[in-house]
Amino acid sequence: MSEATTKRPLLVLYFVLAYAFSWVIEIPLAAVAQGFLDLRIPFALHYLTAFGPLLAAFIVTGIGDGSEGIRDLVARMLKWRVGLGWVLIAVFSPLVLFVIGAVAAYVLSGSWPDFSLLGEVNFLPYLGIGAWILRTLTNGFGEGTGWRGYALPRLQKNRSALSATLILGVFWALWHLPAFFYLPNLMEIGLASFPLFAIGVVTGAVLLTWLYNSTGGSILMVSLWHGSFNFVTASGAGQGIVAAIASNLVIVWAVILVVMFKPANLSHRTRYVL
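Scoring rules and cut-offs
Residues numbered from 1 in each chain as written. Predicted model: local features only at pLDDT ≥ 70, side-chain atom pairs only at ≥ 80, totals over all residues. Heavy atoms only, no water. Helix = DSSP H or I, 4+ residues; strand = E, 2+ residues; numbered from the N terminus. Buried < 20%, exposed > 50% of the residue type's maximum accessible area, 1.4 Å probe, protein only. Salt bridge = Lys/Arg side-chain N within 4 Å of Asp/Glu carboxyl O. Core = buried A, V, L, I, M, F, W, Y, C linked by side-chain atoms within 4.5 Å. Contact = heavy atoms within 4.5 Å. 1 Å grid on protein atoms, 1.4 Å probe; cavity = no way out; pocket = protein on both sides within 12 Å on 5 of 7 lines; lining within 4 Å. Points joined across faces, edges and corners; volume = space filled by probe spheres on them. Nonpolar A, V, L, I, M, F, W, Y, C, P; charged D, E, K, R; others polar.

### What to know about unusual backbone geometry
Alright, step 1. Of note in the backbone geometry, F123 takes a positive phi value of approximately 75 degrees without being a glycine.
Alright, step 2. Following the sequence through the fold, F123 ends up in the loop between α3 (84–109) and α4 (130–155).
Alright, step 3. The phi dihedral of L266 falls on the positive side, at around 50 degrees, and the residue is not glycine.
Alright, step 4. As for its position among the elements, L266 is in the segment after α9 (241–265).
Alright, step 5. A relative accessible area of 0% places L266 in the buried class.

As structure tokens, this is what we get:
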């Protein structure tokens, strides 16, 4: 029996646990928001759902690879020596996308987004720059440690980087589904928009695979990018035209990456596998 075959149940277990840990919080939140459950649940618990993939990654890594695997996972979460250019891309490229979207909004509507709304997040008081820290810890490390840190390098082991990313992207998109029933901005666009949302998630996954493979498996870099992107696009300042422009630019960026670096590795380096 091959090593890939023996480890496949662990990958399945990872996905099951990632969904279970997050949805055990999200389903009650959705039930309350939809009026099916009469409970006083603080909706700020939403931010704990992002740690479902991280918790699943640590548990399954411990089962499969023991303390050595845990140490490697933590090391990749802290891997910052990847070159200054990659750090700048991870932190600032989402801000560039936001600026382009803001300029487009001004050209089309004659008014700028309210930049003070960047510090606002759902269910919590105004956080200012703390919103970026929150997004980086939750959407960044909480999700990235699981989807990119654990699942991606194992999916890439016997698949092209693009095939692995498409599989991962589908699981990642579906993981967000309960949020459409309680998160205000997702409820506003409605469940009918989920296919478009899923396309955005999958193309974003392509970009993050490129960043992950290019930095030799740095969870830190993909977490910084994801945290920065959500800081601007999930805020009140990043809604409407701004979010649409930023999301479409990510799609274009993803297509360019596939053409430039080819599906096998989606990077100038060999795809990162475990």
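Moving on from the coordinates now.
### Quick look at the pattern of salt bridges
Alright, step 1. Enumeration over the complete set of coordinates arrives at two salt bridges.
Alright, step 2. Notably, a salt bridge pairs D72 with R76, separated by 3.0 Å at the nearest N-O pair. Placement of the pair is D72 and R76 together in helix α2 (residues 52–77), with a separation of four residues, close to one helical turn.
Alright, step 3. Accessibility expressed as a relative area gives 29% for D72, which makes it partly exposed.

### Examining the nonpolar core
Alright, step 1. In terms of nonpolar packing, the biggest core is built from 59 residues, with Y14, F15, W147, L211 and W225 touching the most fellow members.
Alright, step 2. Of all elements in the fold, only α1 (3–33), α2, α3, α4, α5 (161–175), α7 (194–214), α8 (219–233) and α9 reach the threshold of two or more residues within this core.
Alright, step 3. Ranked by the residues each element gives to this core, the list is headed by α1, at ten residues.
Alright, step 4. Apart from residues no more than four positions distant in its own chain, F15 is found in contact with W147, A151, L155, L168 and F171.
Alright, step 5. Grouped together as the second largest cluster of nonpolar side chains are eleven residues, Y47, V121, F231 and V232 included.

### Some thoughts on the layout of surface pockets
Alright, step 1. Its boundaries defined by the atoms lining it, the largest pocket holds a volume of some 1,200 Å³.
Alright, step 2. Contributing to the lining of the largest pocket are 41 residues, with L186, F197, F229, T233 and S247 lying nearest its centre.
Alright, step 3. A total of seven residues in the lining of the largest pocket trace back to one element, the largest contributor, which is α7.
Alright, step 4. Within the lining of the largest pocket, the residues separate by chemical class into 20 nonpolar, 17 polar and four charged.
Alright, step 5. Looking at the second largest pocket, it is lined by 15 residues, and the ones nearest its centre are R8, L11, R154, L155 and R159.
Alright, step 6. Where the lining of the second largest pocket is concerned, the elements lending two or more residues are α1, α4 and α5.
Alright, step 7. Take the lining of the second largest pocket: its biggest share by element is seven residues, from α1.
Alright, step 8. Looking at the lining of the second largest pocket, its residues break down into nine nonpolar, one polar and five charged.

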